[in-house]
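Architecture and fold: a report
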Amino acid sequence: MGSDLQDLKAAIIDGDNKAAIALTGQLIETGASPQSILNDGLIAGMSEVGELFKCGEYFVPEMLVAARAMKSALEILRPRLVDTGVQPIGTIVLGTVRGDLHDIGKNLTAMFLEGAGFRVVDLGVDVSADKFVAAVKEHNAELLGMSALLTTTMTYTAEVIRALQAANLRDQVKVIVGGAPVTADWARQIGADAFAVDAASGAERCKELLH
Ligand code: B12
């Protein structure tokens, strides 16, 4: 079992789509917990990819194939992470901020939110402040979640909050931010209501924010 998780991690690092799909399926069949598949296999592999990129051993194409493998594996894992058939407890508008194309963490957050019973309006990547504001209005959302993976795009989360204020919506919607460079300090600094380090605790924080 341990070695299968290691193999899955290696498949993500190698960007081996076929192996990632096959191993995820096998691990589910043999009864491995979705949490360990996610954390010890997929996320562990992806952090290693980040390290390899940082030290100049990997370039963008390697990150891309790794991301594709992780996305395929996540689709297989999805039914295990998402509870279906529950009445929504609230609506959250979610997106990756303008200038940023990273969406794996956001997609994972969406899955956990769905699993926790939220209706998720996913705006995708490279989302402008105007689009966030319009979606909050249109869907009457209680929550807004923003993802940013680059230090250069993280600052845009502050701009979205200013746009909510300008549209007189700030009092109606709770804002949660996340993504690798984002911290609790940053969330406080820009006046967000919450921060979460990962998708699971993000969904928990969102439930708390409803009350
Ligand atoms: C895969 C990847 C890519 C892929 C993305 C594919 C895709 N569809 O997402 C591609 C190849 C496109 C890419 C491109 C680039 N990337 Co890149 N990428 C990564 C990598 C390796 C993994 C990111 C990932 O998916 N992680 C796995 C997920 C599960 O983790 P996560 O996103 O952090 O999300 C978790 C939490 O943060 C949280 N979370 C995330 N969002 C939210 C939102 C809310 C509301 C909540 C509550 C929680 C939450 O929950 C998630 C799950 O627990 C990271 C390395 C890293 N360590 O992050 C670099 C990294 C983010 N990239 C980096 C860079 C530099 C780039 C490029 C600029 C490279 C280039 N020269 O072109 C471009 C920028 C493109 C753009 N405009 O966005 C740097 C950023 C450095 C910085 N500090 O700014 C990193 C850190 C790599 C590094 N170590 O240097 N990248």
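Computed from a predicted structure; not experimentally measured. (Residues numbered from 1 in each chain as written. Predicted model: local features only at pLDDT ≥ 70, side-chain atom pairs only at ≥ 80, totals over all residues. Heavy atoms only, no water.)

1. Some thoughts on the coordination of the cobalt atom of the ligand
For the cobalt atom of the ligand, the protein contributes exactly one donor atom, H102 (NE2), at 2.3 Å. Summarising the element assignment, H102 is placed in the loop between β1 (90-96) and α5 (104-115). (Donors = N, O, S within 2.8 Å, 3.2 Å for Na, K, Ca; no water. Helix = DSSP H or I, 4+ residues; strand = E, 2+ residues; numbered from the N terminus.)

2. Let's talk about the site of the ligand
What surrounds the ligand is a group of 33 residues, the closest being L101, H102, D103, S147 and T151. A distance of 3.2 Å is found between a nitrogen atom of the ligand and a backbone nitrogen or oxygen belonging to G50. D103 is positioned with one of its side-chain polar atoms (N or O) 2.8 Å from a nitrogen atom of the ligand. Broken down by secondary-structure element, the contributors of at least two residues to the shell around the ligand are α3 (34-54), α4 (60-81), α5, β3 (143-147), β4 (174-178) and α10 (199-209). Taken together, the residues of the shell around the ligand sort by class into 18 nonpolar, ten polar and five charged. Counting contributing residues per domain, the shell around the ligand is built from domain 1 (2-81) and domain 2 (90-209), each supplying no fewer than three. (Near = heavy atom within 4 Å. Polar contact = N/O pair within 3.5 Å; in protein donor to acceptor, adjacent residues only side chain to side chain. Nonpolar A, V, L, I, M, F, W, Y, C, P; charged D, E, K, R; others polar. Domains from an automatic or database assignment.)

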